[in-house]
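Now for the letters of each chain:
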There are 2 protein chains.
Amino acid sequence: MSTIKDVAKLAEVSVGTVSKVISRDPTVKAALRERVLAAIETLGYRPNHSARALRTNRIDVIGLVVPDITNPFFAQLAKCIEAEAAMRNLTVMLANSHDDEATERRQLSTLLDRAPRGVIIVASSESGRLEYQTDIPIVSVDRRFQTYPLISTHHAEGSAQLAKHLIGLGHRRIAYIAGPQNTRVGRARKEGFATFFTRELAADPNASLRFYDGHYDYQSGEDIGREILAEDPAVRPTAIAAASDQIAIGVMRAARDLDISIPDQLSVTGFDDIDLAALIVPRLTTLKQPTAEIGAAAVSVLIAEDESAEDIKLRGEIVVRGSTGPVNALLTGKSQRV
Amino acid sequence: MSTIKDVAKLAEVSVGTVSKVISRDPTVKAALRERVLAAIETLGYRPNHSARALRTNRIDVIGLVVPDITNPFFAQLAKCIEAEAAMRNLTVMLANSHDDEATERRQLSTLLDRAPRGVIIVASSESGRLEYQTDIPIVSVDRRFQTYPLISTHHAEGSAQLAKHLIGLGHRRIAYIAGPQNTRVGRARKEGFATFFTRELAADPNASLRFYDGHYDYQSGEDIGREILAEDPAVRPTAIAAASDQIAIGVMRAARDLDISIPDQLSVTGFDDIDLAALIVPRLTTLKQPTAEIGAAAVSVLIAEDESAEDIKLRGEIVVRGSTGPVNALLTGKSQRV
DNA sequence: CTGAAAGCGCTTACAG
DNA sequence: CTGAAAGCGCTTACAG
């Protein structure tokens, strides 16, 4: 492996000049530059990253800590971040925290020890801590880590879009199956839905919104869905909005078991737009999280090393598919007044 | 940030001794070791990875190149590799090749430039090339890269397990929907199925195995499934074995559209055991790839730096679920002779 | 068993 | 505009 010295010798310049050519320093005259470039070419010289890192005390790496890379949302995020990083000649170091705070702390320390350009973290909990102080930039994504800037979907606004969609279809009796209420995301999605519904239908005596607390999984959806759908069709909700696609798919399974057809007798919405949402029958109306934008924003904020970095909420997009439809007049109990 | 010098000063030893303590060199006497450890503790000293890397010309990193981290199989693989690496105090650098050979080559060079302990790669194609020679260990996973050792599921054996299962249920007329035949994996799965079937049922005049070539996606399964199931129930296959779960799920959708009940009128098997396989109704009988074992083996082989490393084929496990059942006597055309 | 010292391959003020 | 040289923080023969 040839070094910068070999290049300098062959090009008959000093190593300092070679270094400047490599870092595109414009003060190097064209003639010298050409000679150096030619020497680099003939020797097949590749700079030693470790030596550079030792001098500059920073490596061309972005650290990424996610709870679980097999979660499709995080995988998507990792993909976008990697692509953004690669465009800037940065490599991504990946770590899984398994949603465990101790592991997360260890992973983060390991990453920070290597002096990366920055670290992007999806926090495992809301009480994560750092082992020691650092001046390496950190940004949180989706779930905030400590007090670092957070980049996420505008959950409340997304839920409001879904509420608007259902209300626009004539639904007045709606059930909302929320995610864990001890998480910000769970609360933001629920509150966004509730606030919009309440504001829009404040004067409507037929309007009713019920809440159920669940987890972001199929089982929650199936169990709560079964409970809701066991009620008399004349009084039960005509639409169920779920805090995640997984919950929504659980609800759809419960509906099928009970021979309740979607969207004729029941409209269902999710949140996330996982792959499966477009594969089930009927396809699921949901809110697509702006994953690519989140990843891109995270890298930008990190690289800008913006001291005054603020939170960024990115708007999701509603994807209307077959699981939602106009309210069935037979189920409204009384005539509709849209 | 304190350095090894600060530690040496505080412990009143030489930096060489500190270095030896850190690398657990047993020649350091206990008394000195204690003093050094105490100094490290009080200073909160953390070794500089770049400096170490410059000296040793190797960093504590494993490179991982996959076609697409959002593919659940690769995500699972990445997770296992990361866990194995973390146990050895190694970090994982991740790159996505997007199944593009040029990108793959670039990613690989970037990774190798950083002098990692080794690189694990799922090749994008069978003609991938390196930009230059390297003595850094490389192992291929799932799809071979050049001539580097390959660690993968024993595809042929897995297919044979599925064939055995279907034959054991009495199926004699079987269709096999293969993956792309210009890939080794596609061929191995197909041949494993065909070989077992042919050997077992060589003497059975009622046995017939038909092949269809597809891609590993839902659409392929749905299209080919529709074609197969359009035939007269008395002569069409009583079981369809698919080269992937996605194909199998496509087949199941076609069957539902045609009101053919699974497994009463048709048995279906997949390959991979993706999450969805356990979520659809009925749940899919399939072959679970030994992802964790593959990841663990890849890291082991890499770290062992075994010059004579050979290919490793790991046995998958059949997961029998609701999509397969005994052949329906009404469909066999004649009485069964199991 | 311990220490002094060379040196890994760069970058970066500084001098000219 | 270019070069000489210091030095980043370690590891590792080598001497004692």
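Rules of the game
Residues numbered from 1 in each chain as written. Chains lettered and ligands numbered in written order. Predicted model: local features only at pLDDT ≥ 70, side-chain atom pairs only at ≥ 80, totals over all residues. Heavy atoms only, no water. Core = buried A, V, L, I, M, F, W, Y, C linked by side-chain atoms within 4.5 Å. Buried < 20%, exposed > 50% of the residue type's maximum accessible area, 1.4 Å probe, protein only. Contact = heavy atoms within 4.5 Å. Axes fitted to C-alpha atoms, helices over the stretch in contact; angles between N-to-C directions. Helix = DSSP H or I, 4+ residues; strand = E, 2+ residues; numbered from the N terminus. Parallel < 35°, antiparallel > 145°, perpendicular 65-115°, else oblique. Nonpolar A, V, L, I, M, F, W, Y, C, P; charged D, E, K, R; others polar. Phe/Tyr/Trp six-rings, centres within 6.5 Å; stacked < 30°, edge-to-face > 60°. Expected span 1.5 Å × (residues − 1). Pairing = 2+ DSSP bridges. Near = heavy atom within 4 Å. Polar contact = N/O pair within 3.5 Å; in protein donor to acceptor, adjacent residues only side chain to side chain. UniProt positions renumbered as here; feature names shortened; annotations may be inferred. Least-squares fit on C-alpha atoms with pLDDT ≥ 70 in both.

## Some details on the nonpolar core
At step 1: Residues Phe-193 and Leu-266 of chain A together with Leu-266 and Leu-276 of chain B are the most contacted members of the largest nonpolar core, which totals 86 residues.
At step 2: The residues contacting Leu-276 of chain B, other than those within four sequence positions of it, are Leu-276 and Leu-279 of chain A together with Tyr-218 and Ile-249 of chain B.
At step 3: Judged by nonpolar contacts, the second largest core, of 50 residues, contains Ala-297 of chain A together with Ile-69, Phe-74 and Ala-297 of chain B.

## Describing the packing of helix H1 (residues 4-11) of chain A against helix H2 (residues 15-22) of chain A
Residues and elements named next belong to chain A.
At step 1: Two elements in contact, H1 and H2, have axes separated by 8 Å at closest approach and are oriented at 105°. The angle between H1 and H2 falls in the class roughly perpendicular. For the pair formed by H1 and H2, the contact residues are Ile-4, Lys-5, Val-7 and Ala-8 on the first element and Val-15, Val-18 and Ser-19 on the second.
At step 2: Partitioning the contact of H1 with H2 into residue classes produces five nonpolar, one polar and one charged.

## Observations concerning the packing of aromatic side chains
Residues and elements named next belong to chain A.
At step 1: If you walk through the whole model with that rule in mind, you get eight aromatic pairs over all chains.
At step 2: A ring pair is formed by Phe-73 and Phe-74, whose centres lie 5.6 Å apart and whose planes are at 55°; its orientation type is tilted. Residues Phe-73 and Phe-74 agree in their burial class; the two are buried.
At step 3: With 6.1 Å between their ring centres and 15° between their planes, Phe-145 and Tyr-148 make a pair best called stacked. Here Phe-145 matches Tyr-148 in class, with each residue buried.
At step 4: Grouping aromatic residues by their ring pairs yields a cluster made of Tyr-176, Phe-193 and Phe-211.

## Structural notes on helix H8 (residues 184-200) of chain B
At step 1: Taking 1.5 Å per residue as the helical rise, H8 of chain B with its 17 residues ought to reach 24 Å, and the 24 Å between its terminal C-alpha atoms agrees with that figure.
At step 2: Along H8 of chain B, the residues that are buried comprise Val-185, Gly-186, Arg-189, Lys-190, Gly-192, Phe-193, Ala-194, Phe-196 and Phe-197 of chain B.

## Topic: the sheet that holds strand S8 (residues 239-242) of chain A
Residues and elements named next belong to chain A.
At step 1: Strand order in the open sheet made by the four strands is S7-S6-S8-S9, with parallel pairing throughout. Strand pairing shows two members of the sheet lacking a second neighbour, strand S7 (208-213) and strand S9 (267-269), which therefore form its edges. Averaged over all adjacent pairs, the angle separating strand axes in this sheet is 15°, with direction ignored.
At step 2: Of the strand pairs in this sheet, strand S6 (residues 173-178) and S7 are connected by six bridges, and their pairing is parallel. For Ile-174, the partnering residue across the bridge sits in S7 and is Leu-209.

## A short note on the protein's contact with DNA strand C
At step 1: Close to DNA strand C lie 22 residues, the nearest being Ile-4, Ser-19 and Arg-55 of chain A together with Thr-17 and Arg-55 of chain B.
At step 2: Counting only the atoms of DNA strand C that lie within 4 Å of the protein, the sugar and phosphate share comes to 69%.
At step 3: Take Ser-19 of chain A: an N or O atom from its side chain is 2.5 Å from a phosphate oxygen of DNA strand C.
At step 4: Between Ser-14 of chain B and DNA strand C, the recorded distance is 3.1 Å, taken from a backbone N or O atom to a phosphate oxygen.
At step 5: At the level of elements, H2 and helix H4 (49-56) of chain A together with helix H2 (15-22) and helix H4 (49-56) of chain B are the ones that each hand at least two residues to the surface near DNA strand C.
At step 6: Here the residues of the surface near DNA strand C are counted per class, giving nine nonpolar, seven polar and six charged.

## Regarding the UniProt feature "domain: HTH lacI-type" (unreviewed entry) in chain A
At step 1: Under the UniProt annotation, the feature "domain: HTH lacI-type" (unreviewed entry) is placed at residues 2-56 of chain A.
At step 2: The straight-line gap between the two end C-alpha atoms of residues 2-56 of chain A is 21 Å; of that span, 69% is helix and 0% is strand.

## Topic: the relation of the copies chain B and chain A
At step 1: For the pair chain B and chain A, the best superposition has an RMSD of 0.0 Å and corresponds to a rotation of 180° with a translation of 0.0 Å parallel to the axis. Given the turn and translation reported, the copies of this chain are related as if by a two-fold rotation axis. The rotation axis passes nearest to the C-alpha of Met-93 of chain B in chain B, at a distance of 2.2 Å.
At step 2: The residues that chain B uses at the interface reappear at the interface of chain A in 100% of cases, marking a shared surface.

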